[in-house]
Amino acid sequence: MEKITFIPDDTQEKVEFYVLEETRLKGVDYILVTDSQEGDGEALILKDLSADGEAEALYEIVDDEEELTCVMEVFEQLLEDVDITL
């Protein structure tokens, strides 16, 4: 499982997540990440806001309920053995 490091603007402290899956919908990239490599953990769906060709990605937590539901359904289909709940 790929591990990625984020540095939130507000804290500047490194936070590591494990990437469970990624997808692209309507030209936007999304990743499903978790804070735990094994077992139950907190999961987030992140939206890539960076422009094509940028060296570093800029992610934002998806919090719009309609967008979140749509993307969550795709991830559930991609990860058949994983149940994602809000």
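Structure first, text after, so check above.
How each quantity is defined
- Residues numbered from 1 in each chain as written.
- Predicted model: local features only at pLDDT ≥ 70, side-chain atom pairs only at ≥ 80, totals over all residues.
- Heavy atoms only, no water.
- Pairing = 2+ DSSP bridges.
- Helix = DSSP H or I, 4+ residues; strand = E, 2+ residues; numbered from the N terminus.
- Axes fitted to C-alpha atoms, helices over the stretch in contact; angles between N-to-C directions.
- Contact = heavy atoms within 4.5 Å.
- Phe/Tyr/Trp six-rings, centres within 6.5 Å; stacked < 30°, edge-to-face > 60°.
- Buried < 20%, exposed > 50% of the residue type's maximum accessible area, 1.4 Å probe, protein only.
- Patch = residues over 30% accessible without salt bridge, like charges linked within 9 Å, V, L, I, M, F, W, Y side chains within 5 Å.
- Areas by Shrake-Rupley, 256 points an atom, 1.4 Å probe, with all protein chains shown as cover.
- Salt bridge = Lys/Arg side-chain N within 4 Å of Asp/Glu carboxyl O.
- Lys, Arg positive; Asp, Glu negative; His and termini not counted.
- Charge placed at Lys NZ, Arg CZ, Asp CG, Glu CD.

J.: I'd like a description of the sheet that holds strand E4 (residues 43-48), backed by residues and values.
T.: The sheet built from five strands is open, its strands ordered E1-E2-E3-E4-E5 with antiparallel pairing. This sheet does not close on itself; its edge strands, each paired only once, are strand E1 (3-6) and strand E5 (59-61). Sheet twist, expressed as the mean angle between neighbouring strand axes with direction ignored, is 45°. Inspection of the sheet shows strand E2 (residues 15-25) paired to strand E3 (residues 28-34) by seven bridges, in the antiparallel sense. From the neighbouring strand, Glu 22 faces E3, where its bridge partner is Ile 31. In the packing of helix H1 (residues 65-78) onto the sheet, contacts are made with E2, E3 and E4, and the angle to E2 comes to roughly 95°.

J.: Run through the packing of aromatic side chains, naming residues and quoting values.
T.: This structure, assessed with the given rule, holds two aromatic pairs. For the ring pair Phe 6 and Phe 17, a centre distance of 5.7 Å and an interplane angle of 70° mean the geometry is edge-to-face. A residue pair is termed long-range when its members are at least 10 positions apart, and Phe 6 in strand E1 and Phe 17 in strand E2 qualify at 11 residues. As far as burial versus exposure is concerned, Phe 6 and Phe 17 are alike and both buried. Seen in terms of ring centroids, Phe 6 and Tyr 59 are 5.6 Å apart; in terms of plane orientation they differ by 80°. Their pairing is edge-to-face. A residue pair is termed long-range when its members are at least 10 positions apart, and Phe 6 in strand E1 and Tyr 59 in strand E5 qualify at 53 residues. Of the aromatic side chains, those joined through ring pairs into one cluster are Phe 6, Phe 17 and Tyr 59.

J.: So what's going on with a negative patch on the surface? Which residues, and what values?
T.: The grouping of Glu 60, Asp 63, Asp 64, Glu 65 and Glu 66 at the surface amounts to a negative patch. The topology assignment puts Asp 63 in the loop between E5 and H1. On the accessibility criterion, Asp 63 (67% relative accessible area) is exposed.

J.: Summarise the environment of Val 71; cite the residues concerned and give the values.
T.: Note that Val 71 resides in helix H1. The buried category is assigned to Val 71, whose relative accessible area is 1%. Distance from Val 71 to Ile 31, taken between C-alpha atoms, is 9.5 Å for residues 40 residues apart in sequence. Not counting chain neighbours up to four residues away, the residues in contact with Val 71 comprise Leu 25, Tyr 30 and Ile 45.

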